[in-house]
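Summary of structural features
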Amino acid sequence: MTGAVAADGTAPTLIASAQRALRLLEAAARYPRGATAKQLARDTDLALGTAYHLLRTLVHDHYLERDSGVYLTGPAVAGLARQDGPASGRTRLRVLLGALADELSAAVYFTWYRHGEVELVEAVSAPGAPLVDRHRFRSGAHATAAGKTMLALMTAEERRDHLARHPMVPLTPYTLLDPSHLPLLPRQGPRRAVPITQFQEYQLGTAGAAVPIVAGNGLGAISVSLPMAQAHRLAGIAAQLRTRLGDDFATMAFGI
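All of these numbers come straight from a predicted model, not from anything done at the bench. (Residues numbered from 1 in each chain as written. Predicted model: local features only at pLDDT ≥ 70, side-chain atom pairs only at ≥ 80, totals over all residues. Heavy atoms only, no water.)

**Details of the packing of helix H2 (residues 37-44) against helix H3 (residues 48-60)**
Packed helices, taken two at a time, are described by their axes: the angle between them and the distance between them. Using the following cut-off: Helix axes are fitted only over the stretch in contact, all axes being lines through C-alpha atoms; the angle between N-to-C directions runs from 0 to 180 degrees. Secondary structure is summarised from DSSP: a helix means a run of H or I of at least four residues, a strand means a run of E of at least two, and numbering begins at the N terminus for each. For classification, angles of less than 35 degrees are called roughly parallel, those exceeding 145 degrees roughly antiparallel, those between 65 and 115 degrees roughly perpendicular, and all remaining angles oblique. For a crossing to be left-handed, the near helix must be turned anticlockwise from the far one by less than a right angle; the clockwise case is right-handed. Only heavy atoms enter the contact rule, under which two residues are in contact if any of them lie within 4.5 Å. Residues are sorted three ways: Asp, Glu, Lys and Arg are charged, Ala, Val, Leu, Ile, Met, Phe, Trp, Tyr, Cys and Pro are nonpolar, and all the rest, Gly among them, are polar.
Orientation of H2 relative to H3, taken along the N-to-C sense of each, is 110°, at an axis distance of 9 Å. The orientation of H2 with respect to H3, classified from their angle, is roughly perpendicular. Regarding H2 and H3, the two cross each other, and that crossing is right-handed. On H3, the residues that touch Ala37, Lys38, Leu40 and Ala41 of H2 are Leu48, Ala51, Tyr52 and Leu55. The class makeup of the residues in the contact of H2 with H3 is seven nonpolar, no polar and one charged.

**Re the nonpolar core**
Test applied: Here, nonpolar core refers to any group of buried Ala, Val, Leu, Ile, Met, Phe, Trp, Tyr and Cys residues whose side-chain atoms link them within 4.5 Å. Type-normalised accessible area, obtained with a 1.4 Å probe on protein chains alone, sets the label of each residue: buried when under 20%, exposed when over 50%, and partly exposed for intermediate values.
If you look at the biggest cluster of nonpolar residues, it comprises 26 residues, and the most contacted ones within it are Leu97, Val108, Phe110, Ile222, Val224 and Leu241. Sorting the residues of this core by element identifies helix H4 (86-104), strand E3 (107-114), strand E4 (117-124), strand E6 (206-215), strand E7 (218-227) and helix H7 (234-244) as the ones contributing at least two each. Among the nonpolar cores identified, the runner-up in size contains 22 residues, and Ala21, Ala37, Ala51 and Leu64 belong to it.

**What about the packing of aromatic side chains?**
Heads up, the rule is: For Phe, Tyr and Trp, rings pair up if their centres lie within 6.5 Å, where Trp contributes its six-membered ring, and each pair is then called stacked (planes under 30 degrees apart), edge-to-face (over 60) or tilted (otherwise).
In this structure the tally under the stated criterion is three aromatic pairs. Judged by centre distance (5.8 Å) and plane angle (25°), the ring pair of Tyr109 and Phe137 falls under stacked. On the criterion of sequence distance, the pair formed by Tyr109 in strand E3 and Phe137 in the loop between E4 and helix H5 (145-153) is long-range, its members being 28 residues apart. Taking the relative accessible area as the measure of exposure, Tyr109 reaches 1% and is therefore buried. For Phe137, a relative accessible area of 5% translates into the label buried. On the basis of an interplanar angle of 20° and a centroid distance of 5.9 Å, the ring pair of Phe110 and Trp112 is categorised as stacked.

Structure (structure tokens):
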């Protein structure tokens, strides 16, 4: 799926697209009986074509419902009732990830290093790009692009401690098993580094890429996965994430 086009004819950045989706969601919440796409576009100063594109995504993920030509808030926004609570943060995160997944036509994951563990906070699939098996994310950090990114940002002591608790076992015939071959990233200015990738190390038939998020002492990553048949798209997608990703996700992580 191609990205929406802004009113000035330029393609929106990933974060701008996510912000527009959130503005539409917030506008729809102000109409208990529903609002038309034209009303919502006018309220949010969006081009009608852009509004339709984002509204389709929000309906697909159940943040909005379309009934008799009007849009109403859907079941996925129940947590928005508490604007300062974890449920609200989780809902906003899913909207941001959903916009990214839609823009990139790739599955998108938000991972955070918390209490000494790699935690998959949220993930959103895309048509043609299903989510990978998430049950091994914590123990298989050495094989995922997101996990490798967080290991790369750790100190040598932190990395040794993590791998002592979660050894580098083979998940596929392609899994990296030598700690000395893990990539390293500086915590200062990590966005200048090349995104970290993996090809069939975590799950056969899938490839992934990740970019780091550093907020104070907090470590995280935004990552994507694609079927191997689409692996040729991975470098371009990773470059987009690297150059366009803002601080929205890092700020949000502390409230979830």
